[in-house]
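# A structural walkthrough
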Amino acid sequence: MGPLASGLARIGGAMRETALVPLRHGAVDLHAKLEYANPNGSSKDRSAFWILKRAVERGDVTERTTVVESSSGNFALSMASFCRVLGIDFVPVIDPNCNASTEAYLRLTCDRVEKVTERDATGGYLATRLRRVAALRAELPAAFWPDQYGNADAVEAHYLLTGGELVRAFDRIDYAFIGAGTGGTIGGVSLRLKEAYPGVRVVAVDAEGSAIFGGAPKTRRIPGLGSSMVPPLIGKALIDEVLIVSEPDTVRGCHDLLREHGLYAGGSTGTVYSALTRYFADLPAGGAGPRPTAVFLCADRGTAYADTIYNPAWAATLLDPAPA
């Protein structure tokens with residue numbers, strides 16, 4: 001077994017099934033799938049591992065490859081860790097919205113980190129990051145771009161892994177709340193759930209200021225969900241409803257999840273929890289018939305947000321913004 005195959009076997013061995021935790025709720029049987037229990041703390045471990053696995057199998061990644069990707073969050077953390085295991089180089093392209101702890105980790109694990117500072121036409125940094133990725137691919141020999149926004153291997157990862165685990169755990173799921181970002185997670189999970197439970201309602205959750213579902217892009221301060229473009233993978237998802245959550249409600253969702261259930265989750269998770277809380281707010285408790293079963297993904301842990309969402313001074317700038 002060569003070093004790449006050996007490394008993939010080690011990573012795959014660490015990708016254990018993540019826990020499902022029942023949470024108290026008056027009207028539904030609510031379950032949180034703790035994707036933040038993956039080796040690097042997020043659901044992005046699934047897609048990063050599977051993209052690398054398939055790329056090695058196709059010969060797109062070899063021992064001489066340099067992986068280059070745009071990410072200011074969890075996907076970069078996953079890629080940095082896994083590329084170290086494989087013994088290949090990884091160059092993340094990040095921006096000023098990258099959490100301080102994430103950037104520090106990337107600079108420890110990667111020999112080269114590219115940080116763009118120029119905003120694009122939407123007020124964000126995604127287009128600027130992608131232009132830098134294109135330049136690096138032209139500059140570096142044997143560069144590989146995982147393209148987390150358009151690589152169907154990410155959908156397959158969550159169809160087989162995340163979605164597969166949910167299907168094995170439940171006889172019935174009535175509601176699934178899943179964050180929309182690059183589209184890989186909601187694409188794969190929704191396909192698997194709709195096959196197993198044709199009546200399930202898949203509720204996509206997105207951040208206010210994201211362009212994924214036709215909204216006008218605007219500056220966002222919390223990395224995670226949302227995008228200033230429509231990622232191609234979102235077209236593969238089977239979505240029944242879309243809920244949009246503001247950044248102040250994301251902060252409140254994170255704090256509510258911690259206080260009410262003891263789950264120290266990140267911005268993506270807090271956004272989804274805020275959405276489902278609003279969704280079920282008017283559903284009466286103890287209604288006739290069996291209680292609906294609802295699941296949501298705890299896609300990220302709160303550690304990377306200690307200096308922002310969980311910092312009272314920073315959070316206050318969103319919850320109580322200064323008057324214009």
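Just so it is clear, the model here is predicted, and its values are computed rather than measured.

Reading guide: rules and limits
Residues numbered from 1 in each chain as written. Predicted model: local features only at pLDDT ≥ 70, side-chain atom pairs only at ≥ 80, totals over all residues. Heavy atoms only, no water. Helix = DSSP H or I, 4+ residues; strand = E, 2+ residues; numbered from the N terminus. Rg over C-alpha atoms; globule rule 2.2 N^0.38 Å. Buried < 20%, exposed > 50% of the residue type's maximum accessible area, 1.4 Å probe, protein only. Contact = heavy atoms within 4.5 Å. Core = buried A, V, L, I, M, F, W, Y, C linked by side-chain atoms within 4.5 Å. Pairing = 2+ DSSP bridges. Domains from an automatic or database assignment. Buried area = accessible area lost by both parts, 1.4 Å probe. Salt bridge = Lys/Arg side-chain N within 4 Å of Asp/Glu carboxyl O. Axes fitted to C-alpha atoms, helices over the stretch in contact; angles between N-to-C directions. Expected span 1.5 Å × (residues − 1). Right-handed = clockwise from strand over helix to strand, strands pointing away.

## A word on the overall build of the protein
Broken down by element type, the protein carries 10 helices and 10 strands. A compact globule built from 324 residues would reach a C-alpha radius of gyration of about 20 Å, and the protein, at 19 Å, matches this within 12%. When the backbone C-alpha atoms are referred to their principal axes, the protein occupies close to 65 × 55 × 35 Å. Considering the protein as a whole, with its 324 residues, one finds that 56% of them fall into the buried category. Sequence-distant contacts, at least 24 apart, represent 72% of the contacts inside the protein between residues at least 6 apart.

## Digging into the nonpolar core
The biggest cluster of nonpolar side chains holds 33 residues, and the ones touching the most others in it are Val67, Met79, Phe90 and Leu106. Those elements giving two or more residues to this core turn out to be helix H1 (3–14), helix H2 (44–58), helix H3 (74–86), strand S4 (89–94) and helix H6 (152–169). Looking at this core, the element that brings in the most residues is H3, giving eight residues. For leucine 106, the residues in contact, after removing those within four places along its chain, are Ala76, Leu77, Ala80, Pro92, Ile94 and Val113. In terms of nonpolar packing, the next biggest core, distinct from the first, is built from 25 residues, Leu243, Tyr273, Phe280 and Phe296 among them.

## Let's talk about the pairing of strand S3 (residues 66–70)
In terms of residue burial, S3 counts as a mostly covered element, since five of its five residues are buried. Burial of S3 is two-sided: the residues Thr66, Val68 and Ser70 facing one way and the residues Val67 and Glu69 facing the other way are all buried. Pairing between S3 and S4: five bridges, direction parallel. Residue pairing for S4: serine 70 is matched across the bridge by valine 93.

## Description of the domain arrangement of the protein
Size of an interface, as often reported, equals the accessible area lost when the parts are brought together. When the domains of the protein are assigned, the result is domain 1 (45–144) and domain 2 (160–315). In this structure, domain 1 and domain 2 have C-alpha centres spaced 24 Å apart. On the side of domain 2, 19 residues touch domain 1, which itself brings 15 residues to the contact. Interface area lost by domain 1 to domain 2 is led by Arg46, Asn99 and Thr122, which between them contribute 42%. The interface formed by domain 1 and domain 2 contains one salt bridge.

## Things to note about the sheet that holds strand S7 (residues 175–179)
Reading across the sheet, the six strands line up as S1-S2-S10-S7-S8-S9 and stay open at both edges, with mixed pairing between neighbours. Single-partner strands in this sheet number two, and they are strand S1 (20–23) and strand S9 (241–245). Direction aside, the axes of adjacent strands within the sheet are offset by 25 degrees on average. Of the strand pairs in this sheet, S1 and strand S2 (residues 29–33) are connected by four bridges, and their pairing is antiparallel. By the bridge assignment for S2, leucine 23 is matched with leucine 30. Along the sheet face, H6 touches S1, S2 and strand S10 (293–297) and points at about 145 degrees away from the line of S2. Against the sheet, helix H7 (residues 184–196) touches S7, strand S8 (201–207) and S10, its axis set at about 165 degrees to S7.

## Overview of H2
Between its first and last C-alpha, H2 extends 21 Å over 15 residues, near the 21 Å set by a 1.5 Å rise per residue. With 11 of 15 residues buried, H2 lies mostly within the body of the structure. Along H2, the residues classified as buried are Lys44, Asp45, Arg46, Ser47, Ala48, Phe49, Trp50, Ile51, Leu52, Ala55 and Val56. On its buried side, H2 packs onto H1, S2, S3, H3, strand S6 (143–144) and H6.

## Focus on the pairing of S4
Counting buried residues along S4, five of its six residues qualify, which places the element largely inside the surrounding structure. One crossover worth recording links S3 to the parallel S4 by way of H3, and it is right-handed. Where S4 meets strand S5 (residues 114–115), two bridges bridge the pair, whose relative direction is parallel. Looking across to S5, one finds that isoleucine 94 is bridged to lysine 115. Crossover connection from S4 via helix H4 (residues 100–109) to parallel S5: handedness right-handed.

## Points about unusual backbone geometry
Here the phi dihedral of alanine 142 falls at roughly 55 degrees; this positive angle occurs in a residue that is not glycine. Residue placement: alanine 142 occurs in the loop between helix H5 (126–139) and S6. Backbone geometry places aspartate 147, a non-glycine residue, at a positive phi of 50 degrees. Within the fold, aspartate 147 resides in the loop between S6 and H6.

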